[in-house]
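# Structure at a glance
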Amino acid sequence: MRETYHIEVLGPDEADAPGGVQQRMTVRTDTPEAAAERARRLFARARVPQRSGTPAEAVRVVDGAGTEVFRMSRFDEG
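Here is a short report on the structure shown in this document. (Residues numbered from 1 in each chain as written. Predicted model: local features only at pLDDT ≥ 70, side-chain atom pairs only at ≥ 80, totals over all residues. Heavy atoms only, no water.)

## A word on the side chain of Glu-8
What counts is decided by this rule: The way it works is that DSSP assigns letters per residue, a run of H or I at least four long becomes a helix, a run of E at least two long becomes a strand, and they are numbered from the N terminus. Throughout this description, buried means an accessible area under 20% of the type-specific maximum (1.4 Å probe, protein chains only), exposed means over 50%, and partly exposed covers the range between. Definition of a polar contact: a pair of N or O atoms within 3.5 Å, with one able to donate and the other able to accept a hydrogen when the atoms are protein atoms, and with sequence-neighbouring residues admitted only if both atoms are side-chain atoms.
Assignment of secondary structure puts Glu-8 in strand S1 (residues 3-10). A relative accessible area of 11% means that Glu-8 is categorised as buried. Among the polar contacts made by the side chain of Glu-8, one reaches the side chain of Arg-24 at a distance of 3.2 Å. A distance of 2.5 Å separates the side chain of Glu-8 from the side chain of Arg-60, its partner in a polar contact.

## Describing the sheet that holds S1
Basically, it comes down to this: Any two strands between which DSSP finds at least two bridges are classified as paired. Only C-alpha atoms enter the line fits that serve as axes; for helices the fit covers just the stretch in contact. Angles between N-to-C directions range over 0 to 180 degrees. By definition in these notes, contact holds between two residues if any of their heavy atoms fall within 4.5 Å.
The strand order across the open sheet formed by four strands is S2-S1-S3-S4, and the pairing between neighbours is antiparallel. At either end of the open sheet lies a strand with only one pairing partner, and these are strand S2 (21-29) and strand S4 (68-73). Taken over all neighbouring pairs, the strand axes of this sheet differ in orientation by 15 degrees on average, direction set aside. Both S1 and S2 contribute to a ladder of eight bridges, which runs antiparallel. Of the residues in S2, the one forming a bridge with Glu-8 is Arg-24. In the packing of helix H1 (residues 32-46) onto the sheet, the strands contacted are S1, S2, strand S3 (58-63) and S4, and the crossing angle to S1 comes to about 25 degrees.

Next up, the structure:
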């Protein structure tokens, strides 16, 4: 059964990004793992050196009930 997940790319708190949220995306997938994989790809794109603005510091996936099911920060990268 498909469920809705919200992916949030996070950066430092700024005036135009309250709470540090730089980008939000909603996806519908069968598993939280599929949403986490999508979040990893989005986070990698948000951290490329060519991107303007403040680099992303973390990404998280929140399920439809508001529970965080995945989180990754720039410190987790290998």
